[in-house]
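# Breakdown of the fold
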Amino acid sequence: MGENHVSGGRQGNLVQADSIGQLTITTANAGGADDGTRGPLPRPRPFSDPERWPRMSDWDALAAGAHRARPGEGGTKLPPYVSRDVDAELRDRVREAADLGGFVLVVGDSTAGKTRAAYEAVRDVLPEYRVLAPPAGARLRCAPEAVEACGYGPCVVVWLDDLERHLGPDGLTPDVLDDFARLRVPVVATMRLKPYEAFGSGDDAGTGGDSGEQRWAGVGSRVLRAADVVDLDRLWSAGELSRAGDCDDSRITEALTHHGTYGIAEYMAAGPVLLRTWRHAWRAGGHPRGAALVAAAVDLTRAGLCGPYSRELLVEVHQRRLADAGGPVLRPEGVDEAFAWASRVRHGVTSLLVPVAGELWAPFDYLVDAEDSPVPEWVREAALAHACDDDVRFAVATSAYEAGAFGVAEKAMRPLADAGNRNALFNLAVVMGRTGRTGEAEALYGQAHSRGSLNATVNLGILLAEAGRTEEAEALLRSAHAQGVGHAADNLAVLLRRTGRAEEAATLQAQPPAGTPPG
């Protein structure tokens, strides 16, 4: 038998034999579409073992993701729940979601009490439901199939605390939401305000009307538009404070007395205290290396690289952060001492660096929300270098784009665009347009348009209109408008006015939208 050689790239299933009578091969990751979708994947463990899905009435609020408070009398880990003003509305939304397969999202600042409020609402309305709470980064495409096959009927609620950790091409997408709705399975999620605004500012529809602005696109903004959003304020209302005053738990009484400009939940979660501890640690004689390790975790999170992070990565990133703050002048402590300081539980609540399984670490999320200094570009580069999959590259690129770090956004999107990912082609085109490389932007929009991106159709039309190629631009914008892209009409109207057809433009904008585009 002659020799056979296989080389170059990644090989799939390979069989070599003298003779084969019958052969069946089942691939775990077959197919793949232009926009980066993949074929069937094996079910991850959270989806493959429904017996591990807890009943809502038996589930713990801390397991759901609620912040700890300092231990109370008898060692209780959580104080009694004080009713919030949104409770009735939130329960109504959860009830409707269970009836129709809806998506409820509670949005607010870190430590506003989002997770606890959502947990109490679901436990009150759906106590007998099983809870599917996939870990951050789990591929959710197979979740609807797992729910359908689990044997619990429609009595399952999907719980996604910190929704930003579940967004991306392999996370919660409009298609996955549609599947849950078909099964009448409610999805309940929480999201911090800053990431909500960041993801929501992206517009998969692409433009800003008369301005002709070309915006970042992605599945995140489409998912958020499908949500039934309930806003929860960080600061408590007079009614909420009054109800807190009726509670005899010492932790709530203390928070009510001392919270000042902070929310009650915020005070009980020790957020302001830990923030001060971190900021004061940078001084000489303090814990500057520990502060730098915390800063590394905070900045990596803000750069879009969701944790937890390895000790090695934090040590790598913190070195420059420490050097920028003064380095040896600060008399920094040793690495082991720094980790011990940063991970020490304070006030019986939490630590600046929160240990996760193994030697992995995450920042206390209150610090992430409180930090508003620019993320250094070198941190973004480090985040991109450690991006492990397409979802993470998209997250790093989105954070960079929102901050105007277009070089990092380009680096993150370029490999995905080269592989034909439709969203990446579109977003890379946006970056090219923002950096004045209109020729490259046109070519990329053209590729995305050819792959069915109506967002690219509109933005390509805008680009050609600005270049004076009126007929081509009009054809594209009319095509997008006919397929239900509402903002296409606004841009087409702008073009019609520029070419002396104001009456036609007015008639066009007076018409109702043609419908909802396919995506």
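These numbers come from a predicted model, not from an experiment. (Residues numbered from 1 in each chain as written. Predicted model: local features only at pLDDT ≥ 70, side-chain atom pairs only at ≥ 80, totals over all residues. Heavy atoms only, no water.)

### A word on the pattern of salt bridges
This structure, assessed with the given rule, holds 31 salt bridges. Here Asp85 ties to Arg243 by a salt bridge, and the two come within 2.6 Å at their closest N and O atoms. Residue Asp85 is located in the loop between helix H2 (61-64) and helix H3 (87-100), and its partner Arg243 is located in helix H9 (residues 238-245); the two are separated by 158 residues in the primary sequence. Asp85 sits in the partly exposed class, given a relative accessible area of 46%. Note that Asp170 is salt-bridged to Arg139, the shortest N-O span being 2.3 Å. (Salt bridge = Lys/Arg side-chain N within 4 Å of Asp/Glu carboxyl O. Helix = DSSP H or I, 4+ residues; strand = E, 2+ residues; numbered from the N terminus. Buried < 20%, exposed > 50% of the residue type's maximum accessible area, 1.4 Å probe, protein only.)

### Thoughts on the confidence of the model for the chain
Should pLDDT be low for a region, the predicted coordinates there are not to be read in detail. Looking at the chain as a whole, the pLDDT averages 85, with 86% of positions reaching at least 70. Confidence drops under a pLDDT of 50 for residues 1-41, and excluding neighbours within four residues, the segment shows 39 contacts in the predicted structure. In this model, residues 204-213 is a region of pLDDT below 50 whose contacts with residues beyond four sequence positions or in other chains number 31 contacts. (pLDDT = per-residue confidence, 0-100. Contact = heavy atoms within 4.5 Å.)

### Points about the packing of helix H17 (residues 377-385) against helix H18 (residues 390-402)
The contact between H17 and H18 brings their axes to 9 Å, and the two run at 165°. On the basis of their axis angle, the class for H17 and H18 is roughly antiparallel. Relative to H18, the crossing made by H17 is left-handed. The segment H17 lies against H18, with Arg380, Ala383 and Leu384 engaging Arg393, Val396, Ser399 and Ala400. Within the contact of H17 with H18, the residues separate by chemical class into four nonpolar, one polar and two charged. (Axes fitted to C-alpha atoms, helices over the stretch in contact; angles between N-to-C directions. Parallel < 35°, antiparallel > 145°, perpendicular 65-115°, else oblique. Left-handed = near helix turned anticlockwise from the far one by under 90°. Nonpolar A, V, L, I, M, F, W, Y, C, P; charged D, E, K, R; others polar.)

### Overview of the sheet that holds strand S6 (residues 309-310)
One open sheet holds the three strands; their spatial order is S6-S8-S7, and the pairing between them is antiparallel. Single-partner strands in this sheet number two, and they are S6 and strand S7 (353-356). The pairing of S7 with strand S8 (residues 360-363) spans four bridges and is antiparallel. Looking at S8, one finds that Leu353 is bridged to Pro363. (Pairing = 2+ DSSP bridges.)

### Some details on the pairing of strand S4 (residues 187-192)
In terms of residue burial, S4 counts as a mostly covered element, since six of its six residues are buried. By the alternation rule, side chains of S4 split into Val187, Ala189 and Met191 and Val188, Thr190 and Arg192, which are all buried. In this sheet, S4 lies alongside strand S1 (residues 103-108) in parallel orientation, the contact comprising six bridges. Each residue of the ladder has a partner; that of Val106, found in S4, is Thr190. By the bridge criterion, three bridges tie strand S3 (residues 156-160) to S4 in an arrangement that is parallel. Each residue of the ladder has a partner; that of Trp159, found in S4, is Val188.

### Notes on the packing of aromatic side chains
Following the criterion strictly, the structure yields seven aromatic pairs and no others. When the centroid spacing of 5.7 Å and the interplanar angle of 55° are considered together, the rings of Tyr401 and Phe406 count as tilted. Neither Tyr401 nor Phe406 differs from the other in exposure class; each is buried. Clustering of aromatic rings is evident, with ring pairs tying together Trp59, Tyr119 and Trp159. (Phe/Tyr/Trp six-rings, centres within 6.5 Å; stacked < 30°, edge-to-face > 60°.)

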